[in-house]
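Listed below are the residues making up each chain.
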Amino acid sequence: MVTAAAAGVLAGARSLTAIAEWINDAPGWVSMALGFAVDPFTKTVTVPHPTTVMRLLTRLDGDALDAAVGAFLQARSIGRGTTKARWRAVAVDGKQLRGSRAAGGKAVWLLAAMDHTGTVLGQRQIEAKSNETPAFVPLLQDLGLENTVITADAAHTQHANGRWLREQGAHYIAVVKATTPACSSS
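Along each chain, residues carry numbers from 1 onward, in the same order as the chain's sequence is written. Whole-chain, interface and lining totals are the exception, using all residues; otherwise, since this is a predicted model, local features are given only for residues with pLDDT of at least 70 and side-chain atom pairs are given and counted only at 80 or more. Note that the side-chain values use all heavy atoms of the structure and ignore hydrogens as well as water.

Novice: How would you explain the overall build of the chain if you had to name every residue and give the values?
Specialist: We count a stretch as a helix when DSSP gives it H or I for four or more residues in a row; a strand needs E for two or more, and each element gets its number in order from the N terminus. The number of helices and strands found in the chain is seven helices and five strands. For the chain, the sequential pattern of α-helices and β-strands runs α-α-α-α-α-β-β-β-α-β-α-β. Out of the 186 residues in the chain, the part that is buried amounts to 27%. Counting contacts in the chain only where the partners sit at least 6 residues apart, residues at least 24 apart contribute 43% of the total. Here the chain displays about 12300 Å² of accessible surface, and carbon together with sulfur accounts for 57% of that area. Exposure classes here rest on a 1.4 Å probe applied to the protein chains alone. A residue is buried below 20% of its type maximum, exposed above 50%, and partly exposed in between. When checking whether two residues touch, look at their non-hydrogen atoms; a contact exists if any pair is within 4.5 Å. Residue-level accessible areas treat just the shown protein chains as cover; the underlying method is Shrake-Rupley with a 1.4 Å probe.

Structure representation (C-alpha cells):
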C-alpha cells in the first residue's frame with residue numbers, strides 16, 4: 001500500500017483522499033504491478049478500501065519509513081560499484097512540505113540530510129511545537145559520519161552540534177550570523 005500511495009503522489013494526488021481515490025481508480029495492470037492480488041474467482045485485482053489506505057497513511061511512522069528507504073538507497077548506490085571518495089559531503093536542511101497539514105492544521109516540516117550525489121540519507125519530522133535544532137543529532141546519528149563534511153544553516157551552528165560531530169569523526173562548515181552568540185576559543 002505504501003508503494004501504491006507513492007505512485008499516487010507521483011501521479012498528482014495531493015491529499016490522503018486523492019491518494020486513496022487514485023489507488024481505487026488505477027487500472028488493473030497498474031494495481032497488479034504494485035503488488036495487489038488478483039481474486040482467483042472474479043479475476044479482478046483486489047485493492048484496499050480507501051478508508052484502509054487513509055488509516056495506514058495517518059498511522060505510518062514517517063521516521064521509520066525514511067530510515068528504511070534511506071538504507072535501501074544507500075545499499076543500492078554501494079552495489080553500483082561506486083568508488084568510495086576520501087570525503088563525503090552531506091547537506092542538512094529543513095523544509096515545509098507544501099500542501100501538508102498535521103494535527104491542528106499546521107504544515108509539516110522535515111529536516112533532511114542529503115549527500116551530494118542527490119541521495120536523501122534520512123529525514124525527520126519536526127515536532128509541531130519545536131524547531132529543527134533538536135532533530136539535528138537524531139537525524140545524523142546512524143549515518144556513519146567519519147570523514148564526512150556536514151553543511152547546515154545557521155540554526156544548527158550550536159556548540160553541542162559541533163562537539164558531537166567532532167566525536168563522530170565528522171567535519172562541518174558552520175554558518176555564523178550576527179544573531180549567533182560570541183564564540184569562545186574552544
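The discussion continues.
Novice: Run through the pairing of strand β2 (residues 109-115), naming residues and quoting values.
Specialist: Burial within β2 is extensive, with five of its seven residues counted as buried. Looking at chain direction, strand β1 (residues 88-96) and β2 are connected through seven bridges and run antiparallel. When the bridges of β2 are listed, A91 appears paired with M114. Strand pairing requires that DSSP identify at least two bridges connecting the strands. Across five bridges, β2 lies against strand β3 (residues 120-125) in antiparallel orientation. When the sheet's bridge partners are listed, L111 is paired in β3 with R124. Between β2 and the antiparallel strand that follows it, β3, lie four residues; G118 among them carries a positive phi value of about 95 degrees.

Novice: Please give an account of a nonpolar patch on the surface that cites residues and values.
Specialist: Taken together, the side chains of V2, L60, L65 and V69 define a hydrophobic patch exposed on the protein surface, amounting to about 250 Å² of accessible area. By the element assignment, V69 lies in helix α5 (residues 62-79). Here V69 falls in the partly exposed class, since its relative accessible area comes to 40%. Each patch is assembled from residues with relative accessible area greater than 30% and no salt bridge, linking like charges that lie within 9 Å and nonpolar side chains (Val, Leu, Ile, Met, Phe, Trp, Tyr) that lie within 5 Å. We define a salt bridge as a contact between a side-chain nitrogen of Lys or Arg and a carboxyl oxygen of Asp or Glu at a distance within 4 Å.

Novice: So what's going on with the layout of surface pockets? Residues and values would help.
Specialist: In this model, the largest pocket occupies a volume close to 1500 Å³. Only protein atoms enter the 1 Å grid used here, on which a cavity is any set of points holding a 1.4 Å probe that cannot leave and a pocket is any open set flanked by protein within 12 Å on both sides along at least five of seven lines; residues with an atom within 4 Å of a point are listed as lining. As for the largest pocket, its lining consists of 33 residues, of which V9, I19, L65, L97 and L110 are closest to the centre. Of all the secondary structure elements, the ones that give two or more residues to the lining of the largest pocket are α1 (2-10), α2 (16-25), α4 (50-59), α5 and β3. In terms of residue count, α5 provides more of the lining of the largest pocket than any other element does, seven residues in total. Grid points are joined across faces, edges and corners, and a volume is the space filled by probe spheres set on the points.

Novice: Requested: an account of the sheet that holds β3, with residues and values cited.
Specialist: Strands sit in the order β3-β2-β1-β4-β5 across an open sheet of five strands; the sheet is mixed. Both outer strands of the open sheet, β3 and β5 (171-173), are each paired with one neighbouring strand and no more. Neighbour to neighbour, the strand axes of the sheet diverge by 20 degrees on average, direction disregarded. Fitting a line to C-alpha atoms yields each axis, with helices limited to the stretch in contact; the angle taken between N-to-C directions then spans 0 to 180 degrees.

Novice: Quick one: what's the story with the nonpolar core, residue by residue and with numbers?
Specialist: Note on terminology: a nonpolar core comprises buried Ala, Val, Leu, Ile, Met, Phe, Trp, Tyr and Cys residues joined through side-chain atoms within 4.5 Å. Residues V92, A113, F136, L140, L145, I150 and L165 are the most contacted members of the largest nonpolar core, which totals 17 residues. Residue assignment for this core shows that the elements contributing at least two residues are β1, β2, α6 (136-140), β4 (148-152) and α7 (159-167). By residue number, the principal contributor to this core is α6, which donates three residues. Residues A13, A20, F36 and V53 belong to the second largest nonpolar core, which totals nine residues.

Novice: Mind laying out the side chain of S31, listing which residues take part and the relevant values?
Specialist: You can see S31 is positioned in helix α3 (residues 28-33). The exposure class assigned to S31 is buried, which follows from its relative accessible area of 3%. When sequence neighbours within four positions are dropped, the list of residues in contact with S31 reads I23, A26, F36, V45 and V47.

Novice: How would you explain the pattern of salt bridges if you had to name every residue and give the values?
Specialist: By the definition in use, this model includes one salt bridge. Here D93 and K95 are joined by a salt bridge, their closest N and O atoms 3.0 Å apart.

Novice: Tell me about unusual backbone geometry, residues and numbers included.
Specialist: In this structure, K43 takes a positive phi of about 65 degrees despite not being glycine. Tracing the backbone through its elements, the reader meets K43 in the loop between α3 and α4. Positive phi is not limited to glycine here, since N147 has a value of about 60 degrees. Structurally, N147 is set in the loop between α6 and β4.

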